[in-house]
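What follows is the residue order along each chain.
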Amino acid sequence: GVRHEPTNKIVLDLERLYDEASEELAYVARYARAIQQQRGDYNGRVLSIRADDLRALAIVYDSSPSGLIERLNEHGVLVADPRAFFAS
Ligand code: C2E
Ligand code: C2E
Ligand code: C2E
């Protein structure tokens, strides 16, 4: 059958992101809320975001896309594998 490669999709754990008290992720949280609104995607526990939007956000953080990914990982707000996430 088809071999499922792990995707490089950027998937945010919304509960973690919105609960995160630190000021540091405030812009990411605001951006995610705006995307949810634009998509009408209100009930998800996770949100897949565009690579383009990550690039734009990285600029806001005076960082590179990979630097921002690292920071998001440190805060535990990235979901590596959404399917495994829902299975757990
Ligand atoms: P749009 O960019 O013209 O996209 C229209 C529709 O095409 C989207 O409706 C969605 O159904 C589909 N679409 C576009 N790009 C993708 C993609 O990479 N993956 C998937 N699965 N579908 C895609 P939707 O979701 O209701 O979004 C409506 C509009 O809201 C979009 O129009 C866009 O202007 C904005 N939007 C939604 N999500 C994002 C986002 O993550 N980033 C940005 N920059 N804009 C977004
Ligand atoms: P996946 O990308 O690994 O996503 C697994 C599950 O994570 C999805 O199950 C959904 O419950 C959740 N999820 C991921 N991104 C988002 C998001 O931006 N918003 C919300 N509300 N939930 C999200 P689901 O919906 O049953 O989809 C199963 C699989 O079907 C997905 O696995 C993906 O491979 C495919 N799929 C679903 N929707 C799209 C789509 O719009 N575009 C593409 N290319 N594939 C899709
Ligand atoms: P995905 O739906 O699996 O799409 C994977 C990639 O295919 C996208 O990566 C984008 O490069 C391309 N793609 C898919 N649909 C379209 C389209 O309608 N127009 C264009 N120009 N490109 C398309 P990208 O942009 O990094 O997005 C990553 C994931 O974020 C998408 O995975 C999807 O889950 C989510 N996403 C992005 N934009 C939208 C959107 O407008 N609406 C919704 N519902 N989901 C989106």
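Anything mentioned here points back to the structure above.
Residues numbered from 1 in each chain as written. Chains lettered and ligands numbered in written order. Predicted model: local features only at pLDDT ≥ 70, side-chain atom pairs only at ≥ 80, totals over all residues. Heavy atoms only, no water.

Some points on the nonpolar core
Across soluble globular proteins, you tend to see nonpolar side chains buried next to one another. Formed by 18 residues in total, the largest nonpolar core has its most connected members in L12, L17, V28, I49, L68 and L72. Looking at this core, the elements with two or more residues in it are β1 (10–13), α1 (14–19), α2 (26–39), β2 (46–49), α3 (51–60) and α4 (65–74). At 4 residues, α2 tops the list of elements feeding residues into this core. Ignoring any residue separated from it by four or fewer positions in sequence, one finds L17 in contact with L12, L25, V28, A29, A32 and V77. (Core = buried A, V, L, I, M, F, W, Y, C linked by side-chain atoms within 4.5 Å. Buried < 20%, exposed > 50% of the residue type's maximum accessible area, 1.4 Å probe, protein only. Helix = DSSP H or I, 4+ residues; strand = E, 2+ residues; numbered from the N terminus. Contact = heavy atoms within 4.5 Å.)

Section: the site of ligand 3
Every residue lining ligand 3 is accounted for by K9, R39, S48, I49, R50 and A51. Here a nitrogen atom of ligand 3 and a side-chain polar atom of R39 are 3.1 Å apart. Here A51 contributes a backbone N or O atom positioned 2.8 Å from an oxygen atom of ligand 3. Tallied by class, residues from the shell around ligand 3 come to 2 nonpolar, 1 polar and 3 charged. (Near = heavy atom within 4 Å. Polar contact = N/O pair within 3.5 Å; in protein donor to acceptor, adjacent residues only side chain to side chain. Nonpolar A, V, L, I, M, F, W, Y, C, P; charged D, E, K, R; others polar.)

As for the site of ligand 2
Near ligand 2, the surroundings consist of K9, R39, D41, G44, V46, L47, S48, P82, R83 and F86. One nitrogen or oxygen atom from the side chain of S48 is found 2.6 Å from a nitrogen atom belonging to ligand 2. For ligand 2, whose unbound accessible area comes to 770 Å², protein coverage reaches 44%. Those elements that place two or more of their residues in the shell around ligand 2 are β2 and α5 (82–87). Taken together, the residues that form the shell around ligand 2 break down as 4 nonpolar, 2 polar and 4 charged. (Areas by Shrake-Rupley, 256 points an atom, 1.4 Å probe, with all protein chains shown as cover.)

All quantities given are derived from atomic positions and should not be read as evidence of function.
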